[in-house]
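The chain contents come next:
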Amino acid sequence: MHHFRHIGQNLHCESVDLAEVARLHGTPTYVYSAATMAGNYTRLARGLGGLDAQVCYAMKANSSLAVLRHFANLGAAFDLVSGGEIRRVLAAGADVRRSVFAGVGKTEAEIALALEHGVFSFHVESEPELARLNHVAGRLGVKAPVAIRVNPDVDAHTHAKITTGKSDNKFGVPLARAAAAYAAAAKLPHVSVKGVQMHIGSQLTSVAPFVEAVEKVAPFVARLKAEFGIAYFSVGGGIGIVYQDALASGAQEWWDAQPSDKRPITPEAYGAALVPLLKPLGLKILLEPGRFLVGNAGVLLTRVEHLKRGEGKNFLIVDAAMNDLVRPAMYDSYHEIVPLHRDTTRAALTADVVGPVCESGDCFAHGRQLQEAGEGEYLALMSAGAYGAAMASRYNTRPLPAEVMVSGGAFELVNARETFEQMTANEKVPAFLK
Ligand SMILES: *Cc1c(COP(=O)(O)O)cnc(C)c1O
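Residues numbered from 1 in each chain as written. Predicted model: local features only at pLDDT ≥ 70, side-chain atom pairs only at ≥ 80, totals over all residues. Heavy atoms only, no water.

Draft legend 1. How the structure looks around the domain arrangement of the protein. Domain annotation for the protein reports domain 1 (34-291) and domain 2 (296-423). One C-alpha centre belongs to domain 1, the other to domain 2; they are set 31 Å apart. Tallying the contact residues gives 21 residues for domain 1 and 22 residues for domain 2. When domain 1 packs against domain 2, the two sides together hide about 2000 Å² of surface, and 58% of this comes from carbon and sulfur. Looking at the side of domain 1 facing domain 2, the largest losses of area belong to Tyr243, Leu247 and Arg291, adding up to 26% of the total buried there. At the boundary of domain 1 with domain 2, the tally comes to zero salt bridges. The tally of links from domain 1 across to domain 2 stands at eight residue pairs in polar contact (both at pLDDT 80 or more). Listed by contribution, the elements that provide at least two residues to the side of domain 1 that touches domain 2 are α2 (34-47) and α3 (65-74). No other element matches α2, which puts four residues into the side of domain 1 that touches domain 2. Of the residues in the side of domain 1 that touches domain 2, the class split is eleven nonpolar, six polar and four charged. (Domains from an automatic or database assignment. Contact = heavy atoms within 4.5 Å. Buried area = accessible area lost by both parts, 1.4 Å probe. Salt bridge = Lys/Arg side-chain N within 4 Å of Asp/Glu carboxyl O. Polar contact = N/O pair within 3.5 Å; in protein donor to acceptor, adjacent residues only side chain to side chain. Helix = DSSP H or I, 4+ residues; strand = E, 2+ residues; numbered from the N terminus. Nonpolar A, V, L, I, M, F, W, Y, C, P; charged D, E, K, R; others polar.)

Below is the structure:
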């Protein structure tokens, strides 16, 4: 569910007419709904009712300072993957004491920064990383709290680039080797064993792989509790969102109309399946959702530059491109494309929706059925709140897009569009070329 819908003919985010945002701040611009993020967070937290649970928002999905502050205000902690993300959390006015630090290649400097700010725990991906943590913590005269990420070898049935829980992925320690890794960790003088972690992939559309993974790991978790007195079990993120019917899925009626075997994962179903498996462990439960919290809470606004009618094929050329939203090019992902001004009297159009970047991969949709659109009209790419702005680049010397947050009838620019001067500020021509 989310707060994007047409009121009359115009697409609104909460009570804000998105065309107004596009006119005021230009395009391409990401727009986020604060109420949708809060709704997602609250439903998930409620779904875990009965557990001692902490949601650690996986901020790599959308690390805008405004978004971080919003989740901190709601009670979330963070799943961090770099020193930069630690500094972002601090810059947003939140603290990292309940947050966890994940990732396969934490540098010594990043580890030191996390320790200095009292991070809740490190999610360790390998034996050499344990040695590095021990070394850095020893130098600082502290103990590094750790959980080892175990790889349950479960197929999440998702895109190859975002499946992480199979034994052939680079992530985690195989379950068969995990006991030895814990025994080794327990012997390190500057490491304290605090928990256990897993994360099997992203954009999972059914609860079955989560259930399979928890069932597979739970006996090991119970053993770690008995042997090392661990305090928590982190079950990762990965809850999927609706991309295909994105706009319609804003309404409860859409969910009610889905046959129960086709209904995408909901936080209620996720909780109902997992709480009974997790509760008997008697541990604190950590969750690290990224996409689920922000994905359907953001859209990317774009303006039509041209409708180019080709030989048997039409191209709708828009001012957003793969540098602004790389998901279609990178993951073959689908984003619903919705006109900001809906007009049912218009003719239908079948077109490839493409950006201006010089790559054939710069294509948001192939052969998409749309309402006919012409120069100057605005479109919204739906479900763009996760892995959208966070993955934007400056390819083709295009500035990073602007970001706006909406709350009720109010909206504010939360990240101004980059200027050419900002883009090139660190560059220089060397003396030997002058
Ligand atoms: C990316 C990631 C997440 C978040 O994944 P989503 O699919 O966005 O929920 C959580 N934990 C780890 C370790 C990750 O790498």
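Draft legend 2. Region of interest: the environment of asparagine 10. Within the element layout of this structure, asparagine 10 appears in strand β2 (residues 10-13). Expressed as a C-alpha distance, the spacing of asparagine 10 and leucine 340, which sit 330 residues apart in the sequence, is 5.5 Å. Those residues within four positions of asparagine 10 in sequence are excluded, and the remaining contacts are Arg5, Asp17, Leu340 and His341.

Draft legend 3. Broad picture of the nonpolar core. If you look at the biggest cluster of nonpolar residues, it comprises 100 residues, and the most contacted ones within it are Tyr57, Phe71, Phe122, Phe233 and Tyr270. Ranked by the residues each element gives to this core, the list is headed by helix α8 (residues 208-228), at nine residues. Shared between two domains, this core holds at least three residues of each, these being domain 1 (34-291) and domain 2 (296-423). Sequence-distant contacts of phenylalanine 71, defined by excluding residues within four places in its chain, comprise Met37, Tyr41, Tyr57, Ala76, Phe78, Leu293 and Val294. The next biggest cluster of nonpolar side chains, apart from the first, holds 20 residues, and it includes Leu11, Leu340, Ala380 and Val404. (Core = buried A, V, L, I, M, F, W, Y, C linked by side-chain atoms within 4.5 Å. Buried < 20%, exposed > 50% of the residue type's maximum accessible area, 1.4 Å probe, protein only.)

Draft legend 4. Main features of the sheet that holds β2. Read across the sheet, three strands follow the order β1-β2-β3 without closing on themselves; strand pairing throughout is antiparallel. Both edges of this open sheet fall to β1 (4-7) and β3 (16-17), since each of them pairs with a single strand only. Both β2 and β3 contribute to a ladder of two bridges, which runs antiparallel. For cysteine 13, the partnering residue across the bridge sits in β3 and is valine 16. (Pairing = 2+ DSSP bridges.)

Draft legend 5. Inspection of the confidence of the model for the protein at higher detail. On average, the protein scores 95 in pLDDT, and the residues at 70 or more come to 97%. Strand β4 (residues 29-33) holds the highest mean pLDDT among the elements of the protein, 99, whereas strand β10 (residues 173-174) holds the lowest, 91. (pLDDT = per-residue confidence, 0-100.)

Draft legend 6. Layout of unusual backbone geometry. The peptide bond linking threonine 27 to proline 28 adopts the cis configuration, its omega dihedral lying at -5 degrees. Following the sequence through the fold, proline 28 ends up in the loop between α1 (18-25) and β4. A positive phi angle, near 55 degrees, is found at aspartate 332, a position not held by glycine. Tracing the sequence through the fold places aspartate 332 in the loop between α12 (327-331) and β16 (337-339). The exposure class of aspartate 332 is exposed, given its relative accessible area of 63%. Phi is positive for asparagine 396, which is not a glycine, with a value near 70 degrees. You can see asparagine 396 is positioned in the loop between β19 (378-381) and β20 (402-407). For asparagine 396, a relative accessible area of 34% corresponds to the partly exposed category.

Draft legend 7. Region of the structure containing the site of the ligand. Residues in contact with the ligand, as listed here, are Ala58, Lys60, Arg149, His199, Ser202, Gly237, Gly238, Glu288, Pro289, Gly290, Arg291 and Tyr387. Between the ligand and serine 202 there is a distance of 2.3 Å, counted from an oxygen atom to a side-chain nitrogen or oxygen. At 2.6 Å from an oxygen atom of the ligand is found a side-chain nitrogen or oxygen belonging to tyrosine 387. Judged by its atoms lying within 2 Å of the grid points, the ligand is housed in the largest pocket. Tallied by class, residues from the shell around the ligand come to three nonpolar, five polar and four charged. (Near = heavy atom within 4 Å. 1 Å grid on protein atoms, 1.4 Å probe; cavity = no way out; pocket = protein on both sides within 12 Å on 5 of 7 lines; lining within 4 Å. Sits in = over half its atoms within 2 Å of the grid points.)

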